[in-house]
Amino acid sequence: MIQQLCWRLMQALLVVLAVGLLTWFLVQALPGDMAWRIASGRYGYDRVDAEAVARVQQELGGVLDQSGALLHWLTDLLQFNFGRSLVSGEPVMDELRWQLSQTLALAGGSLLLALMLTLPIGLWAGCHADGKLDRLLFWLTSLLKSIPHFALGMILIVVFALQLDWLPSAGHGELRHFLLPALTLALSLTAVGVRVVREATCQVINAGYYQWGAQKGLTPATLLRRHGLRNLGTPVLTWFGMQFVWLVEGVVVVETLFAWPGIGHALVHAIFARDVPVIQASAMTLGLLFVLLNMLVDAGCHLLDPRGTRA
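Residues numbered from 1 in each chain as written. Predicted model: local features only at pLDDT ≥ 70, side-chain atom pairs only at ≥ 80, totals over all residues. Heavy atoms only, no water.

(A) Representation of the UniProt feature "transmembrane region" (unreviewed entry) in the protein chain within the structure. The sites that UniProt annotates as "transmembrane region" (unreviewed entry) are residues 103-124, 136-162, 178-197, 236-258 and 278-297. In this annotation, residues 103-124 is assigned 100% helix and 0% strand; the end-to-end C-alpha distance for the span is 32 Å. End-to-end, the C-alpha atoms of residues 178-197 are 26 Å apart, and along that stretch the chain is 100% helix and 0% strand. (UniProt positions renumbered as here; feature names shortened; annotations may be inferred. Helix = DSSP H or I, 4+ residues; strand = E, 2+ residues; numbered from the N terminus.)

(B) Seen up close, unusual backbone geometry. We note that aspartate 165 has phi near 55°; this positive angle belongs to a residue other than glycine. In this structure, aspartate 165 sits in the loop between helix 8 (149-163) and helix 9 (175-205). The exposure class of aspartate 165 is exposed, given its relative accessible area of 61%. With a phi angle near 55°, alanine 259 is a residue other than glycine that sits in the positive phi range. Mapped onto the elements, alanine 259 comes out in the loop between helix 12 (252-257) and helix 13 (263-273). The class of alanine 259 is partly exposed, set by a relative accessible area of 40%. (Buried < 20%, exposed > 50% of the residue type's maximum accessible area, 1.4 Å probe, protein only.)

(C) A look at the packing of helix 6 (residues 92-127) against helix 13. At their nearest, the axes of helix 6 and helix 13 sit 7 Å apart, and the two run at 130° to each other. Taken together, the axes of helix 6 and helix 13 lie oblique to each other. Along its contact with helix 6, which presents Leu96, Gln99, Leu100 and Thr103, the element helix 13 presents Ile263, Gly264 and Ala266. By residue class, the composition of the contact of helix 6 with helix 13 is 4 nonpolar, 3 polar and no charged. (Axes fitted to C-alpha atoms, helices over the stretch in contact; angles between N-to-C directions. Parallel < 35°, antiparallel > 145°, perpendicular 65-115°, else oblique. Contact = heavy atoms within 4.5 Å. Nonpolar A, V, L, I, M, F, W, Y, C, P; charged D, E, K, R; others polar.)

Laid out in structure tokens, this is it:
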């Protein structure tokens, strides 16, 4: 575990440098006038003129200069300071803290909803493998997984917002605004999660120790509780940990579709506005979050593995 922890910390350092430099060079390579994009983000596309662009160039001349921008960013990074947004002028950390909390709330709620759907369905399918309902479930989950996020979100908007008028199509601040984007992410996650839990359950049920427990006269419920859940917990935890990372980094489409004020939605606007500090801070935060979640998943698998516990 100590070696894994050191390796993850090394990965975090590499992520900060690699992602930061890569995003900076990619933003610099984008076509168009950077000062005009920043002015458009500040004043709106319909209010930008030559005077507004000149004011931005005069104010951010050192930052817009390529060599000056890179040196400025490296200096701030060594001081653990992401600087200020080129559009709003606010500290990037203040904006990022709010946006990341909204993204984590959406991803966490989606994951919880997916767990509530995935675990009982997947366990039932694994205990009744190759039956008619199991085969039907396979086709249903395959169909659901093949639908892209934006299409699934649009279907839910049409059904629940436009036709039934049960939920709002967009917004933020109330629980009802949270349900449709969370359900969009959870359904896609459930489509694959059911198959993962089902396969893990089948492997545990067919294992020798499980069959030996059945021969001792244990009831199916007791057998699953004592010998099944912990042994299938490791692959399921690994998969769901990786899916949480995917949720955090893959909510850009869903946040944009439902106007959810998360880090993905903000990242899209920052790219259009050439807001380099926000782009770099958002990308590095997502990369560091990926390393952190990998570390937590490794620790959880180590604790859940019965072989590691006995050792």
